[in-house]
Amino acid sequence: MSALDRAQAYDRHTGRYAPGLAAAFVRFAGVAPGMRALDVGCGPGALTGELARVVGAALVGAVDPSEEYVVACRLRVAGADVRLGRAEDLPFEDRSFEAVLAQLVVQILDDAPRAAREMLRVATPGGIVATCVWDFRGGMPLLDAYWAAAKSVDPEGARRAGADDTNPWCMQEGLRRLWREAGLEEIKTDELSASAEYLGFDDAWWSFAAGVSPSGVYCRSLDDERRTALREEFRRRLGASEGPFSLTARAWSVCGRAPGA
Ligand SMILES: C[S@@+](CC[C@H](N)C(=O)[O-])C[C@H]1O[C@@H](n2cnc3c(N)ncnc32)[C@H](O)[C@@H]1O
C-alpha cells in the first residue's frame, strides 16, 4: 500500500473524526499564534494541519514511527518539520516547543509514562503539554458497536483481539495521573467531541473489511461465515439507516504546563 493509500484508508476509518477533534483539541490546549508546536504520533497529519493553520507550518514539528504516515504528513502539511520517531524517544532537542500535543496516541504506546516525560522534556518552561484519547467505554459509537458485535459472534477471538482491553489512559482520572506523575503542573481535563459523516452502512463497514487498524486486522482474520455474522450484528448494533448518517464520538483530554516558567 502506498503512503497516500494508507493515509486515505485511515481517513475512512477513525481518521474521519480527526480534523474535527484536532480543532477542538487545539482550542482546549490553548495553542496560539507564535508558538512552536509539536504533534506526537501525527499519523497522516490531521492535528499537524490544524497546528499549521493556527501557528504557521514553519513553526510546526511532527513525529510518527510509520514511514508511510510521515510521507503522507509531509505531503499534506508542506513546510512542517515531520520526522520519523517514537513518542518514547522524541527526535527533538530539549525545550524546543511552546506546545506539545498528542492526539489518539497514548493508549497504544508500550510506555506511556516515558512518552509523557519525553513530551515534557521537549516543552519550553511554562509550555503546554496535552493529549486526548477516545472514551472507549461507551463514547465511541463506531468502535463500541463493532467490538460489542465481535464479542457477540466470536467471544473468545474478540477478547484475544483486544475487545475488552481496559487501558487506564482512556479515562480522565488515568490521564490526570499520567500527567501529574510526569511532572506537569496546572493540569486541567475536559471532554471533547467530534462527528463523522457516513454515506451509509457500507461506508462505515469499509475500513474494517479492508483490514485497517487492529479492528480491521481482526475482521480479516475471520472466515467468511463469521465475517458476515459480524457485519450483520455490527449493522444491528450501530442502528444505521439505509441512507447517510452521522456519529459523534467523545474524547477525554488533559493539558498541563511544564514547570519553570
Ligand atoms: C490512532 S492514530 C492517530 C493519528 C493522529 N494523531 C490523528 O489524530 O489522526 C495513532 C498513531 O500513533 C502512531 N504511533 C504508534 N506507536 C507510536 C509510538 N511509539 N510513538 C508515536 N506514535 C506512535 C501510529 O503510527 C499512528 O499514526
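The rules we used
As a convention, each chain's residues are numbered from 1 in the sequence order in which they are written. Per-residue local features are limited, in this predicted model, to residues with pLDDT of at least 70; the limit for side-chain atom pairs, both in listing and counting, is 80 or more; totals at the level of whole chains, interfaces and linings are taken over all residues. By convention in this description, side-chain values take in all heavy atoms of the structure and omit both hydrogens and water. To qualify as a helix, a DSSP run of H or I must reach at least 4 residues; to qualify as a strand, a run of E must reach at least 2; elements of each kind are numbered from the N terminus. We compute the radius of gyration from the C-alpha atoms alone; for a globule the expected value is 2.2 Å times N to the 0.38, where N is the number of residues. Exposure categories follow from relative accessible area, calculated using a 1.4 Å probe and restricted to protein chains: below 20% of the type maximum is buried, above 50% is exposed, and the middle band is partly exposed. It only takes one pair of heavy atoms within 4.5 Å for two residues to be counted as in contact. Areas reported here follow the Shrake-Rupley algorithm with a probe of radius 1.4 Å; residue values treat only the protein chains shown as occluding. Asp and Glu are treated as the negative residues and Lys and Arg as the positive ones, with His and the ends of the chain left uncounted. Charged side chains are reduced to one point each, which is NZ for Lys, CZ for Arg, CG for Asp and CD for Glu. What we call a nonpolar core is a set of buried Ala, Val, Leu, Ile, Met, Phe, Trp, Tyr and Cys residues that are connected through their side-chain atoms within 4.5 Å. Think of it this way: one heavy atom of a residue within 4 Å of a molecule or strand is enough to make that residue near it. Pairs of N or O atoms within 3.5 Å make up the polar contacts considered here, provided that, within protein, one atom can donate a hydrogen while the other can accept it, and that residues adjacent in sequence are counted only when both atoms are side-chain atoms. Sulfur atoms of two cysteines make up a disulfide when they are within 2.5 Å. Here, a strand pair is defined by DSSP locating no fewer than two bridges between the strands. By salt bridge we mean one thing: a side-chain nitrogen of Lys or Arg within 4 Å of a carboxyl oxygen of Asp or Glu.

Draft legend 1. Quick peek at the overall build of the protein chain. Scanning the protein chain for helices and strands turns up 11 helices and 7 strands. In summary, the protein chain has a C-alpha radius of gyration of 18 Å against a globular reference of 18 Å for 261 residues, a match within 12%. Along the first, second and third principal axes, the C-alpha set of the protein chain runs to 60 × 35 × 30 Å. Each of the 261 residues in the protein chain was classed as buried or not, and the buried ones make up 54%. Contacts in the protein chain between residues at least 24 apart in sequence constitute 74% of all its contacts with a sequence separation of at least 6. Only carbon and sulfur atoms are counted for the fraction: they give 48% of the accessible area of the protein chain, which is about 11600 Å². For the protein chain, the centre of its 31 positive side-chain charges and the centre of its 37 negative side-chain charges are spaced 2 Å apart.

Draft legend 2. Region of interest: the nonpolar core. Membership of the largest hydrophobic core comes to 61 residues, with the highest contact counts inside it found for Tyr17, Leu101, Leu142 and Phe234. When sequence neighbours within four positions are dropped, the list of residues in contact with Phe234 reads Leu142, Ala145, Tyr146, Ala149, Phe201, Ala204, Trp205 and Phe208. Counting residues in each nonpolar core, the second largest holds 32 residues, with Val105, Ala123, Cys170 and Trp179 among its members.

Draft legend 3. Region of interest: the site of the ligand. By nearness alone, 17 residues border the ligand, and Tyr10, Gly41, Asp64, Ala87 and Gln103 come closest of all. Measuring from an oxygen atom of the ligand, one finds a side-chain N or O atom of Tyr10 at 2.8 Å. The separation between an oxygen atom of the ligand and a polar main-chain atom of Gly43 is 3.4 Å. Here the ligand has 600 Å² of accessible area as a free molecule, and 86% of this is covered by the chains.

Draft legend 4. Structural detail: the state of the cysteines. Within this structure, the stated rule accounts for 0 disulfides. Distance from the sulfur of Cys42, which forms no disulfide, to the nearest cysteine sulfur (Cys73) is 4.0 Å. Residue classification places Cys42 among the buried residues on the basis of a relative accessible area of 6%.

Draft legend 5. The pairing of strand β5 (residues 123-134), seen in detail. Counted residue by residue, β5 has 11 buried out of 12 residues, so it is predominantly covered. For strand β4 (residues 97-103) and β5, the ladder comprises 6 bridges, and the chain directions are parallel. Across the sheet, the residue bridging to Val100 is Val129, located in β5. For β5 and strand β7 (residues 245-257), the ladder comprises 7 bridges, and the chain directions are antiparallel. By the bridge assignment, Ile128 is partnered in β7 with Arg257.

Draft legend 6. Summary view of the pattern of salt bridges. Counting across every chain of the model gives 21 salt bridges. Asp94 serves as the salt-bridge partner of Arg121, at 2.7 Å between the closest nitrogen and oxygen. Separated by 27 residues along the polypeptide, Arg121 in helix α5 (residues 112-121) and Asp94 in the loop between β3 (81-84) and β4 bring together distant segments of the chain. The class for Arg121 is partly exposed, based on a relative accessible area of 25%. A relative accessible area of 47% means that Asp94 is categorised as partly exposed. Connected through shared salt-bridge partners, Asp202, Arg231, Glu232 and Arg235 make up one network.

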